[in-house]
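An overview of the molecular structure
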Amino acid sequence: MADTSAARGIAGTMTLNGTAVTIAATDSLRDIQGKINALNSGATPSGITATIQTEGGTTGRLVLTRDGGGSAGSTIGECGAGGVARELGLVDTRSKPIS
């Protein structure tokens, strides 16, 4: 949980279904939500919608939802060593694949 209007202090690029989104250190959760939702429009939408689940007051967490039904999943990836998706709690790079 974080203050939704405070700068997150993380910077880098991640991909959502193959579409890159760049996060600046000055971006708040609300800014990041806006950037992700901006990718979900136009001729090639990402298919992912970002919302903020509030936890009371100004705190909340970023939640990503795949648009549409079916069995197709969504992909979230890191670009470079920034670890933006990990820092936002969207991926766990400590996980080992299940064999």
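Conventions and cut-offs
- Residues numbered from 1 in each chain as written.
- Predicted model: local features only at pLDDT ≥ 70, side-chain atom pairs only at ≥ 80, totals over all residues.
- Heavy atoms only, no water.
- Pairing = 2+ DSSP bridges.
- Helix = DSSP H or I, 4+ residues; strand = E, 2+ residues; numbered from the N terminus.
- Axes fitted to C-alpha atoms, helices over the stretch in contact; angles between N-to-C directions.
- Contact = heavy atoms within 4.5 Å.
- Salt bridge = Lys/Arg side-chain N within 4 Å of Asp/Glu carboxyl O.
- Buried < 20%, exposed > 50% of the residue type's maximum accessible area, 1.4 Å probe, protein only.
- pLDDT = per-residue confidence, 0-100.
- Core = buried A, V, L, I, M, F, W, Y, C linked by side-chain atoms within 4.5 Å.

1. With respect to the sheet that holds strand β6 (residues 76–79)
Pairing in this open sheet of 3 strands is antiparallel, and the strands run β3-β2-β6 from one edge to the other. Two strands lie at the open edges of the sheet, namely β3 (19–23) and β6, each paired on one side alone. With strand direction ignored, the average angle separating the axes of adjacent strands in the sheet is 30 degrees. Both strand β2 (residues 12–16) and β3 contribute to a ladder of 5 bridges, which runs antiparallel. Bridging from a neighbouring strand, leucine 16 pairs with threonine 19 of β3. On top of the sheet, helix α1 (residues 29–39) reaches β2 and β3; it is set at about 160 degrees to β3, its chief contact.

2. Some words on the environment of alanine 85
Position of alanine 85 among the secondary structure elements: in helix α2 (residues 84–87). Linking alanine 85 and isoleucine 23, residues 62 residues apart in sequence, is a C-alpha distance of 9.8 Å.

3. Considering the pattern of salt bridges
Here the structure, examined in full by the defined rule, presents 3 salt bridges. For glutamate 55, the salt bridge goes to arginine 61, with nearest N and O atoms at 3.2 Å. The partly exposed category is assigned to glutamate 55, whose relative accessible area is 33%. Of the residues examined, arginine 61 reaches a relative accessible area of 37% and is grouped as partly exposed.

4. Some thoughts on the confidence of the model for the protein chain
On average, residues of the protein chain carry a pLDDT of 86, and 88% of them reach 70 or more. Mean pLDDT in the protein chain bottoms out at strand β1 (residues 2–3), which sits at 81, and peaks at α1, which reaches 96.

5. Re the nonpolar core
Core analysis: the biggest nonpolar cluster contains 18 residues, and Met14, Ile36, Leu62 and Leu88 have the highest contact counts within it. Residue assignment for this core shows that the elements contributing at least two residues are β2, β3, α1, β4 (48–54) and α2. The greatest single-element share of this core, amounting to 4 residues, is contributed by α1.

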